[in-house]
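These are the residues of each chain, in order.
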Amino acid sequence: MVSESLWPIGVAIYVTGTVGQALGANLQRKSLTNETFRAENDPSYQPKRKFQQKLWAAGFFLFVFAGIFMSVSLFFASQTVLAPMQLFLFVSNAIFAYWINKEIFRWLGWDGLALLLVVVGVTMSIVSAPKHTESYNNDELMWLMRQPGFIAFCCFAGAFIIGAWYTKRRILESCRNDPRTIQRRWLRTVLNMSYGAIAGALGGVNVTLTKTVFSLIVGQFDKGGIVGVLSSPVLWVTSIVLVVTYVLEIVFDVRGLEATSAIIVISSHSVTEEVVATSGGILYFQDYLFFEAWAWAVFIIGNLTAIVSVIGLSHLRLREAEAKEKAMARKQDSWDTVLLSNFHDSSGPGRERPPATTGSVGFNVTADKDLELGAATDSRRRTRINTC
């Protein structure tokens, strides 16, 4: 068993990992945004695939290895202590999104207040959480897995992941996989947050499985050495499921960063991972047995304060994103009106048309360009009108 006095080391490792993941996520988002901008402004440009983008690849590997580094913290501290610090992923993400992707963040407004409340809530949770850490051999872990707490945790996590995935799928089917055509605000909010929510729930399961593997390695080694570790069927099965959940977590995070703002994806990710991971520590590893009465009150209040603050800030970010989209749409409409007016004026009676240039096969190039311009503008308008 690891000494309880080492839990600050686990906290430091976990916080460092959340900073690395936030930086990696924003580098991926920045790379995708750059490629989209170049493609929109240069029709001849062929966008690169993700792994051909150096910035995206750097962000991806930083995100992956930061997550692996975070798992080391579970050697030094209990899952219940570490889980609330997942919300520091949101804190560092807000900073990187502001600096790297130029996303709006009002430090002296509601955004700054929400950030402060997250830090206060997480600190309250860390102070009040039990600092013990346990190791289990094969038999002890099998006993834990037969308890009602483990069954309740599996049902809760499984139902949430399946429900969120099914909801996301139905929304995408309803708009034919084009979220830009969704006009109902609440549907867009649910869809944008579903990516991070699914990834976060998988991350919470992953944290719980990682703690299981580490505890089992220590317990089996104490019992039978390296042979005891390698001969544990529970360890092998848990390790396989651990790898699968981590890969799926990364997949949903990457898809979310392609679809919407890093602040929205990472905030929903951090909240759901914190809730699921905390549930794993309290229900599965039975940390509720180590809480005193005052600690329960402080832990619950701190968690709720941090979670509500993250949700509130996510709502503010969605409102900002929608306002920015509407402003861009109004600007585009104004530009389309000018283009159409020029097109019709150039072909109206009493107006001189610009001199036509003739291609090698005798086509009127100026007229062809005018017709293409008018058709493209009408097409853009029809796209915006045809909504779910």
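Sequence order as written defines residue numbering, which begins from 1 separately in each chain. This being a predicted model, a pLDDT of at least 70 is required before a residue's local features are given, and a value of 80 or more before pairs of side-chain atoms are given or counted; all residues contribute to the totals for chains, interfaces and linings. Side-chain descriptors were evaluated using all non-hydrogen atoms of the structure, hydrogens and water having been removed beforehand.

A. Focus on the overall build of the protein. The way it works is that DSSP assigns letters per residue, a run of H or I at least four long becomes a helix, a run of E at least two long becomes a strand, and they are numbered from the N terminus. The helix and strand tally for the protein stands at 12 helices and zero strands. Its helices and strands taken in sequence order, the protein reads α-α-α-α-α-α-α-α-α-α-α-α from the N to the C terminus. Per-residue accessibility, obtained with a 1.4 Å probe over protein chains only, is compared with the maximum for each type, and a residue is labelled buried under 20%, exposed over 50%, and partly exposed between these values. Looking at the 388 residues of the protein, the share that counts as buried comes to 48%. Restricting the contact set of the protein to residue pairs at least 6 apart, pairs at least 24 apart contribute 83%. Carbon together with sulfur atoms contributes 66% to the accessible area of the protein, which is approximately 20200 Å² in total. Contacts between residues were defined by any pair of non-hydrogen atoms, one from each residue, lying within 4.5 Å. Here the open area of atoms and residues is found with the Shrake-Rupley method and a 1.4 Å probe, where only the protein chains shown may cover a residue.

B. Spotlight on empty space enclosed by the protein. Only protein atoms enter the 1 Å grid used here. Points where a 1.4 Å probe fits but cannot escape make up a cavity, open sets with protein on both sides within 12 Å along at least five of seven lines make up a pocket, and a residue lines them when an atom lies within 4 Å of a point. Grid points are joined across faces, edges and corners, and a volume is the space filled by probe spheres set on the points. With the rule as written, the count across this model stands at two cavities of 30 Å³ or more. For the second largest cavity, the calculated volume is near 70 Å³. What lines the second largest cavity is simply S78, Q79, H132, T133, E134, Y136, K211, S215, G281, F285 and D287. Residue classes in the lining of the second largest cavity are distributed as two nonpolar, six polar and three charged. Each residue is assigned to one of three groups, with Ala, Val, Leu, Ile, Met, Phe, Trp, Tyr, Cys and Pro labelled nonpolar, Asp, Glu, Lys and Arg labelled charged, and all others, Gly among them, labelled polar.

C. Representation of the confidence of the model for the protein within the structure. Known as pLDDT, the predictor's per-residue confidence is scaled from 0 to 100. Across the protein, the average pLDDT comes to 80, with 83% of residues at or above 70. Note on residues 356–388: pLDDT is under 50 here. Beyond four places in sequence and across chains, it has 42 contacts.

D. Main features of the pattern of salt bridges. Salt bridges are defined as contacts in which a side-chain nitrogen from Lys or Arg sits within 4 Å of a carboxyl oxygen from Asp or Glu. Applying the stated criterion to the full structure yields three salt bridges. We note a salt bridge from K223 to D139, for which the minimum N-O separation is 3.4 Å. Here the residue K223 occupies a position in helix α8 (residues 185–230), and D139 occupies one in helix α6 (residues 138–145), the gap between them amounting to 84 residues. We note that K223, like D139, is exposed. We note a salt bridge from E173 to R169, for which the minimum N-O separation is 3.1 Å. Here E173 and its partner R169 are both found in helix α7 (residues 148–174), four residues apart, which amounts to about one turn of the helix. A residue is classified by how much of its surface remains accessible, and R169, at 41% relative accessible area, is partly exposed.

E. Quick peek at the packing of helix α4 (residues 88–100) against helix α10 (residues 262–284). Close contact between α4 and α10 brings their axes to 9 Å; oriented N to C, the two are set at 175°. On the basis of their axis angle, the class for α4 and α10 is roughly antiparallel. Mapping the contact onto sequence places L89, F90, N93 and A97 in α4 and A262, I263, I266, S267, H269 and S270 in α10. Grouping the constituent residues of the contact of α4 with α10 by class yields six nonpolar, four polar and no charged. In this analysis an axis means a line fitted to C-alpha atoms, helices contributing only their contacting stretch, and an angle means the value between N-to-C directions, from 0 to 180 degrees. The scheme is simple: roughly parallel for angles under 35 degrees, roughly antiparallel for over 145, roughly perpendicular for 65 to 115, oblique for anything else.

F. Fine view of a nonpolar patch on the surface. Note that patches include only residues with greater than 30% relative accessible area and no salt bridge, and the join distances are 9 Å for like charges and 5 Å for nonpolar side chains (Val, Leu, Ile, Met, Phe, Trp, Tyr). On the surface, W110, L113, L116, L117 and V120 cluster together into a nonpolar patch covering about 490 Å² of accessible area. As for its position among the elements, V120 is in helix α5 (residues 110–128). Residue classification places V120 among the partly exposed residues on the basis of a relative accessible area of 37%.

G. Looking closely at unusual backbone geometry. Positioned with a positive phi, R176 is a non-glycine residue whose angle comes to about 55°. In this structure, R176 sits in the loop between α7 and α8. You will see that N177, though not glycine, has its phi angle at about 60°, which is positive. Examined against the element boundaries, N177 turns out to sit in the loop between α7 and α8. Given a relative accessible area of 60%, N177 falls into the exposed group.

H. Focus on α7. Expected span of a helix, by definition, is 1.5 Å for each gap between consecutive residues, and there is one gap fewer than residues. With 27 residues, α7 ought to run about 39 Å at 1.5 Å a step, and its terminal C-alpha atoms sit 39 Å apart, in line with that. On its buried face, α7 is in contact with α6, α8, α9 (233–259) and α10.

I. Summary view of the packing of α6 against α9. Put simply, α6 and α9 touch, their axes get as near as 9 Å, and they point 60° apart. Taken together, α6 and α9 sit at an angle that is classed as oblique. For the pair α6 and α9, the contacting residues are N138, L141, M142 and M145 in the first and P233, V234 and T238 in the second.

J. Structural detail: the nonpolar core. Only buried residues count toward a nonpolar core. Its members are Ala, Val, Leu, Ile, Met, Phe, Trp, Tyr and Cys residues joined through side-chain atoms within 4.5 Å. One finds L82, M85, L87, F90, V118, V122 and L141 to be the most contacted residues of the largest nonpolar core, which totals 57 residues. With 11 residues, α8 is the largest single contributor of residues to this core. Among all residues touching L141, those that are not within four sequence positions of it are Y136, T212, L216, V234 and Y284. Ranked by size, the runner-up nonpolar core spans 18 residues in total, among them W56, F60, V64 and Y246.

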